[in-house]
Amino acid sequence: GGKMETGLLAAQLAAGKLGLREAMRHVNDKMTVDDALRRLDGKLPEEVTSLLKTQSSKTAPTFTEESMAKARKILNKMVEDSYAELDNVIVECVALKNANGATYGQVVTDLARLGSEIAIAEKDIGESYNCIQQQDREYKAVETTLRNEGAE
């Protein structure tokens, strides 16, 4: 379920059915610091990784104010980058939704037109069938008349 939940969250977010805050809160409730560390292994600067490991192990931190400021700056930049990436994905989703909406409308219009053309063709087939039957009756009547005249 994690990937499916994430996909569902992204879809709801893109559709405007879910606010960014609610999505962030939902993800926050589902991921521990240890899980985040595993997923981001090797992608975080050493200072940030050290800070997160200290928090997750519940030992008393022994960081200088300088290292804390540096870690905050790095994390803030990562959050900004993530928001920018999220904005791009949301824009792509909305554009795709709009493009699909136009395509859907065109398909519905085409189906209605084709349904109308089929109905007209079926009416023409029925009329043609009736005409063929009428011609067949007239042919048989003429044939019978000619036989009767030939027999006299």
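Rules used throughout
- Residues numbered from 1 in each chain as written.
- Predicted model: local features only at pLDDT ≥ 70, side-chain atom pairs only at ≥ 80, totals over all residues.
- Heavy atoms only, no water.
- Helix = DSSP H or I, 4+ residues; strand = E, 2+ residues; numbered from the N terminus.
- Buried < 20%, exposed > 50% of the residue type's maximum accessible area, 1.4 Å probe, protein only.
- Contact = heavy atoms within 4.5 Å.
- Areas by Shrake-Rupley, 256 points an atom, 1.4 Å probe, with all protein chains shown as cover.
- Salt bridge = Lys/Arg side-chain N within 4 Å of Asp/Glu carboxyl O.
- Core = buried A, V, L, I, M, F, W, Y, C linked by side-chain atoms within 4.5 Å.
- pLDDT = per-residue confidence, 0-100.

1. Structural notes on the overall build of the protein chain
Scanning the protein chain for helices and strands turns up 5 helices and 0 strands. Reading the protein chain from its N end, one meets helices and strands in the order α-α-α-α-α. Burial analysis of the protein chain (152 residues in total) assigns 9% to the buried set. Considering only residue pairs separated by 6 or more positions, the protein chain has 35% of its internal contacts joining residues 24 or more positions apart. Entry remark: accessible area of the protein chain is about 12500 Å², with carbon and sulfur atoms responsible for 58%.

2. With respect to the pattern of salt bridges
The tally for this structure, following the rule as stated, stands at 7 salt bridges. A salt bridge links Asp110 to Arg113, with the shortest nitrogen-to-oxygen separation between them at 3.9 Å. A residue pair is termed a helical-turn pair when its members lie 3 or 4 positions apart in one helix, as Asp110 and Arg113 do in helix H5 (residues 65-151) at 3 residues. Accessibility expressed as a relative area gives 27% for Asp110, which makes it partly exposed. Lys140 is the salt-bridge partner of Asp136, the closest N and O atoms lying 3.4 Å from each other. Of this pair, Asp136 and Lys140 both sit in helix H5, 4 residues apart, which is roughly one turn of that helix. Residue Asp136 is classed as partly exposed on the basis of its relative accessible area, which comes to 36%.

3. Comments concerning the nonpolar core
The tendency in soluble globular proteins is for nonpolar side chains to be buried as a group. If you look at the biggest cluster of nonpolar residues, it comprises 5 residues: Leu44, Val48, Leu51, Ala71 and Ile74. Where this core is concerned, the elements lending two or more residues are helix H4 (46-57) and H5.

4. Topic: the confidence of the model for the protein chain
Looking at the protein chain, pLDDT values average 82 and 77% of them are 70 or higher. Looking at the elements of the protein chain, mean pLDDT is at its lowest for helix H1 (residues 2-14), recorded as 63, and at its highest for H5, recorded as 92.

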